[in-house]
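Architecture and fold: a report
The residues making up each chain are set out below.
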Amino acid sequence: MSEKLPTEAAVTAAGEADSKTIEPVHGVHKPKYDWMGLTNEWGVRVKPGIHGLRLGDLNVGIYGEIPEFWEDQTRRPRGALSRPGIPPLPYSLRYKHEMWADCAADLYEEAIQRRWIPATEVPWDSLEVLPDDVERAVCQICTELSQCANTELEIIAYWQDRMSYGYFEVKQFLATVTFDCARHMEVLRKRALSNGGGLGIESRGRVNRMILESSGGWTEAVVYLYLMRGTYITRLLTGLLSSAHNDAESFIYSHMLEDHARHLTYGYDHLKYAATHRKGSTAIMRTLLTIGEGHMADELKDGVVRSAMAIIFGGGIEGGRTRGMKRYLLLVREFLEDYLALCRWLGIDREETLHPMLKSYLED
Amino acid sequence: MSEAVEIPEEHDLDTSWMENMGEWGANARPGKRGLTLADIQVGSYGDLPEVSDNMTGRPRGAAVRPEAYRVGAYSVHTLSEIWLDNAEYLYEEALQRQWSSATDIPWHTLEPLPDDVEEAECFLCTFFNEVEFVAGDVPARWIAKTTPDYLEARNVLVVQVMDEARHMDVFRKRALANGGGLMRMSGATSGFVGSIDLARDFTEMSTRLHISGEGAVLTMFRMGELFGQNEAEKTMYRLCAQDEARHVAFGVMHLRFLAAAEPERGEEINCYLDEAEGQLISGQQNPAGALAETSEALAVLLGGGMQHYDEGHKKLLVIRRRQLKEYMKRVMSAGFGERFENGRSPIPERYAASA
Ligand SMILES: [Fe+2]
Ligand SMILES: [Fe+2]
């Protein structure tokens, strides 16, 4: 796609003719240069390393000073001089512990390096007709995962513009996450509509609702979005990758997994940061998890995803009833083991108090 | 010898959902540009509702589940509010043209500049580091409020947020990479009436952001060859211009769609454009604007130092002139060219005076 955008092609043609005629103009105002010499720190010379000039490299001198509370509700870049009289914007997340994770800057650069393009990089030609029940199951999972990505996108977009400018690394990383989510919705839709199938039935949306309703703070949303739902999605994607039917599906699931791993790295890291920097936060997380586990258990009980996954694992409805469902139940068990281990790492012991319906997946 | 046959455990399998899926038999095929969003607008999956009744966040065309939670309080749910005709194209184009500020800018071409020139460049970079993400914050807010039924248009906005994150970051990198630093903020996008942030209607926001604000910046970036002091800066402006062209195209195409779909909103749009033109001429959001401090920095860069300020200022006037011309072209393309003929807009007169 190298041609100009249709609307801009004519516009530039008009403008270019103009820029060739530089005429002398009289009556130039004397410059005041009021802006000169106004800096907090001068003489910075960050050099690119082997991975180029990365966002995290810029944190030198005062530019790397990241305060616990960001006073300024304007768009003043961190380290720039402020200016009196600037009306504030509604940046409501102003504490570092409300969004921070040390890895955000690196993850931001990694996301850019690892971008991919569904239209041209997925080997679509490798798709082959699948048995009807399997195609239906794949399409149903595409629909479900697409709705999960939509929820992730909507909750991030909701919070992003409330995050203070002082913590721009997080805002920038989250821009890569919503971009990933849009791409996931795109690629799942493309898969569902290109192999004789279609979309499935929408999700009941119990966990989606839980995530979207967690509007008390971004950290609270992260508890549900990443610690709980995200950990489960990793297992789903891993399972799908291991049963991919063709190169196109392998490509899609492996790239989604890679993106998703970045999202989780940020999410877990942020929760750890909040847990260690904000008094009482693990107690809040524990309360949220107690409630959230009930919703998660209810969603796991829902027949649609579990049977679709079982059909994919079992190679059809028949196999789905036996080995397919067995494997899906193992997947849920592995998810719960991951979840409990993460909770422990965060200093929240859920082993004893895990929701009984979830506990049942861990038995036998 | 007898062999024990293991009988696998049978589980219940709910397959009732198979009877209630979206339209079946979709067979989209990749074309010469791969499998694009346009290619998958097949059958009912390509049908765009004029008014979206999607309250649950389902993907467009998925089967409705009666017991699904109504979590999608989407305030943007009529097509004309947000739609544009080439959204699929803009989205795919954006994916093809992503770039990395870490590795795609030839940072090694930076060389020490005279103090006044470095200061001017850093002042400009501070301005952009400050204002680039207004175009990230604000679209994000609207994305959260837009029904997923209009996914193509919404996806273009999502990529814009990504692009702006990269712009914010490339200007910060430049400011801190050549012996300078950040300078004083401008406050150009703070919370005052008429600012991009505070618009309460999507089209009004888009006029302020895409047509007025980014339009002016795009023209300026396009002329980065004139004020970039080295290959790194020139590349930076060129790549940013490429992204901005898509953002501006979104605004132009959206206005065009809205004007055709709801001609009764024409006068309202003209009022937005009246304000946009004021911003273009003298607003702080236009870094080359008549009252913007950044104009002085631009003149220093264009002239190659304070001692050549007058020469730089002449070139700055060329940028301003080109901003006016490109603005008029865009507004004409959006279907509002009449305002330049009936005396409503001050732009033609300004343009003529600048010759
Ligand atoms: Fe930008
Ligand atoms: Fe932009």
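Values in this document were obtained by computation on a predicted structure and should not be read as measured data.

Criteria and cut-off values
- Residues numbered from 1 in each chain as written.
- Chains lettered and ligands numbered in written order.
- Predicted model: local features only at pLDDT ≥ 70, side-chain atom pairs only at ≥ 80, totals over all residues.
- Heavy atoms only, no water.
- Helix = DSSP H or I, 4+ residues; strand = E, 2+ residues; numbered from the N terminus.
- Buried < 20%, exposed > 50% of the residue type's maximum accessible area, 1.4 Å probe, protein only.
- Contact = heavy atoms within 4.5 Å.
- Areas by Shrake-Rupley, 256 points an atom, 1.4 Å probe, with all protein chains shown as cover.
- Buried area = accessible area lost by both parts, 1.4 Å probe.
- Salt bridge = Lys/Arg side-chain N within 4 Å of Asp/Glu carboxyl O.
- Polar contact = N/O pair within 3.5 Å; in protein donor to acceptor, adjacent residues only side chain to side chain.
- Donors = N, O, S within 2.8 Å, 3.2 Å for Na, K, Ca; no water.
- Core = buried A, V, L, I, M, F, W, Y, C linked by side-chain atoms within 4.5 Å.
- Axes fitted to C-alpha atoms, helices over the stretch in contact; angles between N-to-C directions.
- Parallel < 35°, antiparallel > 145°, perpendicular 65-115°, else oblique.
- Nonpolar A, V, L, I, M, F, W, Y, C, P; charged D, E, K, R; others polar.
- Bend = angle between axes of the 7 residues up to and from the residue.
- pLDDT = per-residue confidence, 0-100.
- Phe/Tyr/Trp six-rings, centres within 6.5 Å; stacked < 30°, edge-to-face > 60°.
- Left-handed = near helix turned anticlockwise from the far one by under 90°.

Here we take up the overall build of chain A. Assigned secondary structure in chain A consists of 12 helices and 0 strands. In chain A, the order of α-helices and β-strands from amino to carboxyl end is α-α-α-α-α-α-α-α-α-α-α-α. Each principal axis of the C-alpha atoms in chain A carries an extent, and together these give about 85 × 55 × 40 Å. Here chain A holds 364 residues, and 61% of them are scored as buried. Restricting to contacts in chain A with at least 6 residues of sequence separation, those with at least 24 account for 76%. Working note: accessible area of chain A is about 13,300 Å², and carbon and sulfur atoms make up 52% of it.

Next up on the list: the overall build of chain B. A tally of regular secondary structure across chain B gives 13 helices and 0 strands. Start at the N end of chain B and walk to the C end: the helices and strands fall as α-α-α-α-α-α-α-α-α-α-α-α-α. Over its C-alpha atoms, taken along the principal directions, chain B stretches across nearly 100 × 65 × 40 Å. A total of 355 residues make up chain B; the buried ones form 67% of that total.

Moving on, we get to the interface of chain B and chain A. Contacts between the two partners involve 138 residues from chain B and, on the opposite side, 135 residues from chain A. Of the roughly 11,900 Å² buried at the junction of chain B and chain A (both faces included), carbon and sulfur atoms supply 63%. Across the chain B-chain A interface, the total number found is 10 salt bridges. The residue D302 of chain A makes a salt bridge to R65 of chain B at a minimum N-O spacing of 2.5 Å. Summed over the shared surface of chain B and chain A, the result is 66 residue pairs in polar contact (both at pLDDT 80 or more).

It is worth spelling out the coordination of the iron ion (ligand 1) at this point. Residue and element names in this part refer to chain B. Here the iron ion (ligand 1) is held by the protein donor atoms E132 (OE), E164 (OE), H167 (ND1) and E244 (OE), which lie 1.9 to 2.2 Å from it. Between the iron ion (ligand 1) and the iron ion (ligand 2), a spacing of 3.2 Å is present, and a bridge between the two is formed by E164. Here E164 is found in helix α5 (residues 151–175), whereas its partner E244 is found in helix α8 (residues 231–261), with 80 residues between them in sequence. Taking relative accessible area as the criterion, E244 reaches 1% and is therefore assigned buried.

Within the secondary structure layout, T178 of chain A lies in helix α5 (residues 168–192). When sequence neighbours within four positions are dropped, the list of residues in contact with T178 of chain A reads L153, I156 and A157 of chain A together with V158 of chain B.

All right, on to the coordination of the iron ion (ligand 2) then. Residue and element names in this part refer to chain B. At 1.9 to 2.7 Å from the iron ion (ligand 2) lie its protein donor atoms, namely E164 (OE), E214 (OE), E244 (OE), E244 (OE) and H247 (ND1). If you list the donors of the iron ion (ligand 2) from N- to C-terminus, the spacing comes out as E-x49-E-x29-E-x2-H. Taking the relative accessible area as the measure of exposure, H247 reaches 3% and is therefore buried.

Here we take up the nonpolar core. In terms of nonpolar packing, the biggest core is built from 240 residues, with W218, Y328 and Y339 of chain A touching the most fellow members. Counting residues per element, this core draws most heavily on α8 of chain B, at 15 residues.

A word on the packing of helix α4 (residues 132–160) of chain A against helix α6 (residues 206–213) of chain A. Residue and element names in this part refer to chain A. Packing of α4 against α6 brings their axes to within 10 Å, and their N-to-C directions diverge by 5°. The angle between the axes of α4 and α6 places the two elements in the roughly parallel class. Residues Q147, C148, T151, E154 and I155 of α4 touch α6, and the partners they reach there are N208, I211 and L212. A breakdown of the residues in the contact of α4 with α6 according to their chemical character gives 4 nonpolar, 3 polar and 1 charged.

We now examine helix α11 (residues 317–346) of chain A. At R323 of chain A, α11 of chain A is deflected by roughly 50°, the largest bend along its length. G347 of chain A occupies a position one or two residues after α11 of chain A and carries a positive phi of about 85°.

The next thing to look at is the confidence of the model for chain B. On average, residues of chain B carry a pLDDT of 94, and 99% of them reach 70 or more. The ipTM value of the predicted complex is 0.96, and its pTM value is 0.95.

Once that is clear, we can look at the packing of aromatic side chains. Scanning the entire structure with this criterion turns up 23 aromatic pairs over all chains. Look at W116 of chain A and F251 of chain A: their rings are 5.9 Å apart centre to centre, the planes differ by 70°, and that puts the pair in the edge-to-face class. Taken together, the residues span a long stretch of sequence, with W116 of chain A in the loop between α2 (104–113) and α3 (118–121) and F251 of chain A in helix α8 (residues 247–277) at a distance of 135 residues. The pair formed by W116 of chain A and F251 of chain A is uniform in burial state, with each residue classed as buried. Ring geometry for F221 of chain B and Y237 of chain B: centres 5.7 Å apart, planes at 40°, overall tilted. Of the two residues, F221 of chain B sits in helix α6 (residues 202–222) while Y237 of chain B sits in helix α8, which places them 16 residues apart along the sequence.

Attention now goes to unusual backbone geometry. Residue and element names in this part refer to chain A. In this model, Y33 sits at a positive phi of 55°, which is unusual for a non-glycine residue. The topology assignment puts Y33 in the loop between α1 (6–19) and α2. Of the residues examined, Y33 reaches a relative accessible area of 17% and is grouped as buried.

Here the focus is the pattern of salt bridges. Enumeration over the complete set of coordinates arrives at 58 salt bridges over all chains. Of the charged contacts, one joins R206 of chain A and D298 of chain A as a salt bridge, the two residues approaching to 3.1 Å between their closest N and O atoms. With a gap of 92 residues between them, R206 of chain A in helix α6 and D298 of chain A in helix α9 (residues 281–301) connect regions that are remote in the sequence. Put simply, K173 of chain B and D169 of chain B hold a salt bridge, and the shortest N to O gap is 2.9 Å. Pair noted here: K173 of chain B and D169 of chain B are both in helix α5, with a separation of 4 residues, about one helical turn. Among the ionic contacts, a cluster of salt bridges with common partners joins R75, D161, R162 and K171 of chain A together with D137, R141 and D197 of chain B.

Running from N to C, α2 of chain A and α5 of chain B cross one another at 120°; their axes reach a closest spacing of 12 Å. Comparing the axis directions of α2 of chain A and α5 of chain B gives the class oblique. Crossing angle aside, the handedness with which α2 of chain A passes α5 of chain B is left-handed. Of the residues in α5 of chain B, those touching α2 of chain A at Y108, E109 and I112 of chain A are M162, A165, R166, D169 and K173 of chain B.

With that out of the way, let us pick up the environment of H263 of chain A. All names here are of chain A. In this fold, H263 is placed in helix α8. Looking at H263, the relative accessible area reads 0%, which means it is buried. H263 sits 144 residues away from A119 along the chain, and the two C-alpha atoms are 23 Å apart. When near neighbours in sequence (up to four residues on either side) are disregarded, H263 contacts E152, F173, V177, D180, H184 and Y226.

Let's shift gears to the side chain of E88 of chain B. The residue E88 of chain B is located in helix α2 (residues 87–96) in this model. With near-sequence residues (within four places) excluded, E88 of chain B lies in contact with L37, A38, Q41, W83 and E152 of chain B.

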